[in-house]
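Residues per chain are reported as follows:
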Amino acid sequence: MEIIAKAPASCGELLEGVLEGTPFLVTAPISMYATATVSDAFTGMHGLGTKAQEALERTLVYIGQKHFPFGIRLASHIPQGKGMASSSADIAAVSYAAARIFGRVLTGREIMDIAIAIEPSDGISFAGLSHVSHTTGELFAQYRNVPLLGISIFDVGGEVDTIAYYRSKGNSGNQDETYRRLLDTVSRAFQADGREQERLLGETATESARLNQEHLPKARLDDFIAAAEEKGALGVLVAHSGTVVGALWASDMRAADMEARTQELAEAFDGAYTYMQNARLISGGVVCEIRA
């Protein structure tokens, strides 16, 4: 038997902040994956880093198994240290696949609990877009009808150690009113349809990106936002604890148009923003395939 579990990356977060003293985020899962394969056809661990190995160990303890008589392989093309949920995706894929081979189907919350015991987690284990605490694992809301927004992903350079960043990050002043308003905008977006929904999500992402400048600034962010919006982008989202920046495009924009506008942005910001790739906003959650 072979279990293949895929967990998505993220392009930062749609929204991140602190509300009533509790850090939170709204996820931004994208069409890029970490894939864990568990099989009785091979042995040993292949491609698992330290965090993924810890996730395997914690999963076995959680489901009450002392031994793991299977082979496991982890493959991922998600860049590390960029705020793209590389560790969260690894942990989610490994935990789900390891439990599933024993007949256990882990929920998003169970995977999140395993993840936050290791480090703050992006919450990509939950279906849809999710409003979660990345430090406690608490799920506040889920939004299911996710628009497949186009995202042009750029990197401002360097790497960010997530654990060290959240240990050092301060909360300057009370911004509860601002974050309540932004969360309300997200809720209104998922009660709307089509262009209005997408416009509200883009608006929220852009404001959250600007708010995060006091914590982890991205050079020339306002210039990039203005240029992207001039070319028709709905807004810009960032990795609040990473280095990626994404231009958001309407879900019905033709791929050729998105490519052309992305190329223009890449040329205009060459040297400051490195183009990585295009992706789509998608529903979070682990996808599993079982082969006999």
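Residues numbered from 1 in each chain as written. Predicted model: local features only at pLDDT ≥ 70, side-chain atom pairs only at ≥ 80, totals over all residues. Heavy atoms only, no water.

- Looking at an unreviewed UniProt entry, one finds the protein named GHMP kinase N-terminal domain-containing protein and attributed to Selenomonas noxia F0398.

1. So, the overall build of the protein
Then comes step 1: Scanning the protein from N- to C-terminus turns up eight helices and 11 strands.
Then comes step 2: Relative to the globule expectation of 19 Å for 292 residues, the C-alpha radius of gyration of the protein, 19 Å, shows essentially globular dimensions.
Then comes step 3: Sequence separation of 24 or more characterises 76% of the internal contacts of the protein that already satisfy a separation of 6 or more.
Then comes step 4: Summing over all exposed atoms, the protein offers an accessible surface of approximately 12400 Å²; the carbon and sulfur share of this is 47%.
Then comes step 5: One finds the centroid of the 25 positive side-chain charges in the protein at a distance of 4 Å from the centroid of its 36 negative side-chain charges. (Helix = DSSP H or I, 4+ residues; strand = E, 2+ residues; numbered from the N terminus. Rg over C-alpha atoms; globule rule 2.2 N^0.38 Å. Contact = heavy atoms within 4.5 Å. Areas by Shrake-Rupley, 256 points an atom, 1.4 Å probe, with all protein chains shown as cover. Lys, Arg positive; Asp, Glu negative; His and termini not counted. Charge placed at Lys NZ, Arg CZ, Asp CG, Glu CD.)

2. Quick look at unusual backbone geometry
Then comes step 1: Positive phi outside glycine occurs at Glu 20, with the angle close to 50°.
Then comes step 2: On the secondary structure map, Glu 20 appears in the loop between strand E1 (2-19) and strand E2 (22-39).
Then comes step 3: With phi around 65°, Ala 85 is a residue other than glycine that occupies positive phi space.
Then comes step 4: For Ala 85, the position within the fold is in the loop between strand E4 (71-76) and helix H2 (86-100).
Then comes step 5: By relative accessible area, Ala 85 is classed as buried at 6%. (Buried < 20%, exposed > 50% of the residue type's maximum accessible area, 1.4 Å probe, protein only.)

3. Section: the pattern of salt bridges
Then comes step 1: Scanning all chains against the criterion turns up 17 salt bridges.
Then comes step 2: Notably, a salt bridge pairs Arg 104 with Glu 110, separated by 3.8 Å at the nearest N-O pair.
Then comes step 3: A relative accessible area of 17% places Glu 110 in the buried class.
Then comes step 4: Note that Arg 188 is salt-bridged to Asp 184, the shortest N-O span being 3.4 Å. Separated by four residues within a single helix, Arg 188 and Asp 184 lie in helix H5 (residues 176-189), roughly one turn from each other.
Then comes step 5: In this structure, a network of salt bridges that share partners links the residues Glu 2, Glu 289 and Arg 291. (Salt bridge = Lys/Arg side-chain N within 4 Å of Asp/Glu carboxyl O.)

4. Overview of the UniProt feature "domain: GHMP kinase N-terminal" (unreviewed entry) in the protein
Then comes step 1: Residues given the UniProt feature "domain: GHMP kinase N-terminal" (unreviewed entry) here are residues 57-120.
Then comes step 2: Taken end to end, residues 57-120 is 48% helix and 9% strand, and its two terminal C-alpha atoms sit 18 Å from one another. (UniProt positions renumbered as here; feature names shortened; annotations may be inferred.)

5. Remarks on the packing of aromatic side chains
Then comes step 1: What the rule picks out here adds up to 10 aromatic pairs.
Then comes step 2: Measuring from ring centre to ring centre gives 4.7 Å for Phe 224 and Tyr 273, while their planes differ by 10°; the resulting arrangement is stacked. Highlighted residues: Phe 224 in helix H7 (residues 221-230) and Tyr 273 in the loop between helix H8 (255-268) and strand E10 (274-280), separated in sequence by 49 residues.
Then comes step 3: Take Phe 224: its relative accessible area is 0%, and that puts it in the buried class. (Phe/Tyr/Trp six-rings, centres within 6.5 Å; stacked < 30°, edge-to-face > 60°.)

6. So, the environment of Ser 130
Then comes step 1: For Ser 130, the location among the structural elements is in strand E5 (residues 129-132).
Then comes step 2: Residue Ser 130 is classed as buried on the basis of its relative accessible area of 0%.
Then comes step 3: Between the C-alpha atom of Ser 130 and that of Gln 53, which follows or precedes it by 77 residues, the distance is 26 Å.
Then comes step 4: Discounting residues that sit within four places of it in the chain, Ser 130 has contacts with Leu 25, Val 26, Thr 27, Leu 139, Ala 141 and Gln 142.

7. Some thoughts on the pairing of E1
The side chains of a regular strand alternate, first on one face of the sheet and then on the other.
Then comes step 1: A large share of E1 lies buried, amounting to 17 of its 18 residues.
Then comes step 2: The sheet contact formed by E1 and strand E11 (residues 287-291) spans five bridges and is antiparallel. Within E11, the position partnered with Ile 4 by the bridge is Glu 289.
Then comes step 3: As paired elements, E1 and E2 share 15 bridges and run antiparallel to each other. Each bridged residue has a counterpart across the sheet, and for Ile 4 the counterpart in E2 is Thr 37.
Then comes step 4: In this structure, the hairpin formed by E1 and E2 is closed by a connection of two residues, where Glu 20 is found at a positive phi of approximately 50°. (Pairing = 2+ DSSP bridges.)

8. Observations concerning H5
Then comes step 1: Spanning 14 residues, H5 covers 20 Å between terminal C-alpha atoms, matching the ideal 20 Å at 1.5 Å per step.
Then comes step 2: For H5, the secondary structure elements touched by its buried residues are E1, E2, E5, strand E6 (139-143) and helix H6 (194-211). (Expected span 1.5 Å × (residues − 1).)

9. Observations regarding the side chain of Ser 125
Then comes step 1: Tracing the backbone shows Ser 125 in the loop between helix H3 (108-116) and E5.
Then comes step 2: Overall, Ser 125 belongs to the buried group, its relative accessible area being 9%.
Then comes step 3: In contact with Ser 125, not counting residues within four places along its chain, are Gly 108, Ile 111, Met 112, Gly 285 and Val 286.

10. Here we look at the packing of helix H1 (residues 50-63) against H2
Then comes step 1: As a packed pair, H1 and H2 sit with axes 9 Å apart at the nearest point and diverge in direction by 35°. Handedness of the H1/H2 crossing: right-handed. Contact with H1, carried on its side by Lys 51, Ala 52, Ala 55, Leu 56, Thr 59 and Ile 63, involves Ser 87, Asp 90, Ile 91, Val 94, Ser 95, Ala 98 and Ala 99 of H2 and no other residues of that element.
Then comes step 2: Split by residue class, the contact of H1 with H2 holds eight nonpolar, three polar and two charged. (Axes fitted to C-alpha atoms, helices over the stretch in contact; angles between N-to-C directions. Left-handed = near helix turned anticlockwise from the far one by under 90°. Nonpolar A, V, L, I, M, F, W, Y, C, P; charged D, E, K, R; others polar.)

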